[in-house]
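# What the coordinates show
Each chain is listed here by its residues.
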Amino acid sequence: MTDLIPLKQIAEDLNIELTDELTVIGDESVLMWIDIEKLLIDPSFQRKILRQGRRNIVKIATKFDWNKFGAIQVADLEGQYAIVDGQHRTVSAFLRGITKIPCNVIKASRIEQALAFVSINSNITSVSPLITFKAEVAAGLEDSVKLVDICARGGVTINDYPVDSKSIKPGYTIALGCIKKCLKEYGEDHLVFSLRSITETATDKNRGLLTNDVIKAFCHVYDLEPALKSENSIQLLKTLQLQKVYDNSVAESRKKRVVYQTLAIKLMEFFEEAGAI
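Right, let's walk through the structure included here. (Residues numbered from 1 in each chain as written. Predicted model: local features only at pLDDT ≥ 70, side-chain atom pairs only at ≥ 80, totals over all residues. Heavy atoms only, no water.)

This next bit is on helix H2 (residues 51-62). The first and last C-alpha atoms of H2 sit 16 Å apart over 12 residues, in line with the 16 Å expected at 1.5 Å per residue. Listed as buried for H2 are Gly53, Ile57 and Ala61. Each buried residue of H2 lies within a common arc of 65 degrees when the element is viewed along its axis, so the set occupies one face. In H2, the exposed positions angled more than 90 degrees off the buried face are occupied by Arg51, Val58, Lys59 and Thr62. Next to the buried residues of H2 lie helix H3 (87-95). (Helix = DSSP H or I, 4+ residues; strand = E, 2+ residues; numbered from the N terminus. Expected span 1.5 Å × (residues − 1). Buried < 20%, exposed > 50% of the residue type's maximum accessible area, 1.4 Å probe, protein only. Arc of directions from axis to C-beta. Contact = heavy atoms within 4.5 Å.)

Here we take up the packing of aromatic side chains. Using the criterion set out here, one finds eight aromatic pairs in the structure. Pairwise contacts between aromatic rings join Trp33, Phe64, Trp66 and Phe69 into one cluster. The lysine or arginine in question, Lys169, covers the ring of Tyr172, its NZ or CZ lying 5.6 Å from the ring centre. (Phe/Tyr/Trp six-rings, centres within 6.5 Å; stacked < 30°, edge-to-face > 60°. Lys NZ or Arg CZ within 6 Å of the ring centre and 35° of its normal.)

Along strand E5 (residues 100-106), six of the seven residues are buried, which leaves the element largely enclosed by surrounding structure. Where strand E1 (residues 30-35) lies against E5, six bridges are found, and the strand directions are antiparallel. Pairing of Ile34 across the sheet is with Ile101, part of E5. In this sheet, E5 lies alongside strand E3 (residues 72-76) in parallel orientation, the contact comprising four bridges. (Pairing = 2+ DSSP bridges.)

Glancing now at the pattern of salt bridges. Counted by the stated rule, this structure contains seven salt bridges. Where Asp42 meets Arg110, a salt bridge forms, and the shortest distance between an N and an O atom there is 2.6 Å. With Asp42 in the loop between strand E2 (39-40) and H2 and Arg110 in helix H4 (residues 110-121), the pair connects residues that are 68 residues apart, well separated along the chain. The exposure class of Asp42 is buried, given its relative accessible area of 10%. Among the ionic pairs, Glu200 bridges to Arg196, the shortest N-O distance being 2.9 Å. The class of Glu200 is partly exposed, set by a relative accessible area of 34%. (Salt bridge = Lys/Arg side-chain N within 4 Å of Asp/Glu carboxyl O.)

Attention now moves to the packing of helix H5 (residues 129-138) against helix H6 (residues 142-153). Put simply, H5 and H6 touch, their axes get as near as 8 Å, and they point 100 degrees apart. Between H5 and H6, the interaxial angle falls into the category roughly perpendicular. Along the contact surface, H5 presents Phe133, Glu136 and Val137, while H6 presents Ser144, Val145, Leu147 and Val148. Partitioning the contact of H5 with H6 into residue classes produces five nonpolar, one polar and one charged. (Axes fitted to C-alpha atoms, helices over the stretch in contact; angles between N-to-C directions. Parallel < 35°, antiparallel > 145°, perpendicular 65-115°, else oblique. Nonpolar A, V, L, I, M, F, W, Y, C, P; charged D, E, K, R; others polar.)

A word on a nonpolar patch on the surface. A contiguous nonpolar surface patch, about 790 Å² in accessible area, is contributed by Ile5, Leu7, Ile10, Leu14, Ile16, Leu18 and Leu22. Tracing the backbone shows Ile16 in the loop between helix H1 (7-14) and E1. (Patch = residues over 30% accessible without salt bridge, like charges linked within 9 Å, V, L, I, M, F, W, Y side chains within 5 Å. Areas by Shrake-Rupley, 256 points an atom, 1.4 Å probe, with all protein chains shown as cover.)

The next subject is the sheet that holds E1. Pairing in this open sheet of five strands is mixed, and the strands run E1-E5-E3-E4-E2 from one edge to the other. At either end of the open sheet lies a strand with only one pairing partner, and these are E1 and E2. Across two bridges, the pairing between E2 and strand E4 (residues 81-85) is parallel. Looking at E4, one finds that Leu40 is bridged to Ala82. Along the sheet, H3 contacts E2, E3, E4 and E5; its crossing angle with E4, the most-contacted strand, is approximately 120 degrees. On top of the sheet, H4 reaches E3 and E4; it is set at about 30 degrees to E4, its chief contact.

As a further point, take the packing of helix H11 (residues 242-253) against helix H12 (residues 259-273). One way to put it is that H11 packs onto H12 with a least axis distance of 8 Å and a crossing angle of 130 degrees. Between H11 and H12, the crossing angle belongs to the class labelled oblique. In this structure, H11 crosses over H12, and the sense of that crossing is right-handed. Along the contact surface, H11 presents Val245, Tyr246, Asn248, Ser249, Val250, Glu252 and Ser253, while H12 presents Val259, Thr262, Leu263 and Lys266. Among the residues making up the contact of H11 with H12, the classes are represented as five nonpolar, four polar and two charged. (Left-handed = near helix turned anticlockwise from the far one by under 90°.)

Summarising burial for E4: five of the five residues are buried, a large majority. Here E3 runs beside E4; their pairing, made up of four bridges, is antiparallel. Among the inter-strand pairings, Ala75 is bridged to a residue of E4, identified as Ala82. Taking the residues between adjacent antiparallel strands as the criterion, E3 and E4 are bridged by four residues, where Glu78 takes a positive phi near 60 degrees.

Just distances and angles here, no functional claims.
What follows is the structure, given as structure tokens:
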């Protein structure tokens, strides 16, 4: 044990001077062993357990090791406790017949719990941005709540978790990053009308076509020709077989341009042939 170094020595050797205003938020946490039956999950920000989550649970449960477990972060609900971080480990423990687990108990409102979830998980690569975004919305973060409203005006809902285009519901999308970029690059009006151009022009809301390339292609077209943002364009697009045009764009783009550029050109040609330009 002679090679161990005191933490205090390491901290002092770093010679860090904190210059920003220092704050302490919340009460000190308490470590407790808690019955698993008293633990709850808040679905408004917690991730849904999908395929990868199930695999992780099986892996942890199969070779359960207290040395690798760690305390679960929970919020005190006066007799029951909401898990903030650690639901996969908790499920694993339950599957092994364990009835009590160590918990770090905090006092936090629902919004504070969601913010804590975002803070703990935002830098973990296994956590999808969609899950983090859901937690941000639950926490009431202004930019995220605004984006939900913008999407709703376009008939779109951002899915809570990754899903393939064949399984996704009509009007739902996982193109969160693209939507954020398009909002910044093209503006709110272009984005909303682009989303409407997809969701309002087919009976199934063009299910599976709320993708990065399709959304960006429409934004690009309306940026080049703002006059196309009219109800007449929505009616014209109802005659377009968007899936077929998109598939052709994908096939052609393997040899030439990126998909959204090829699709944007085809959309421009469609509007020109219809006499809208």
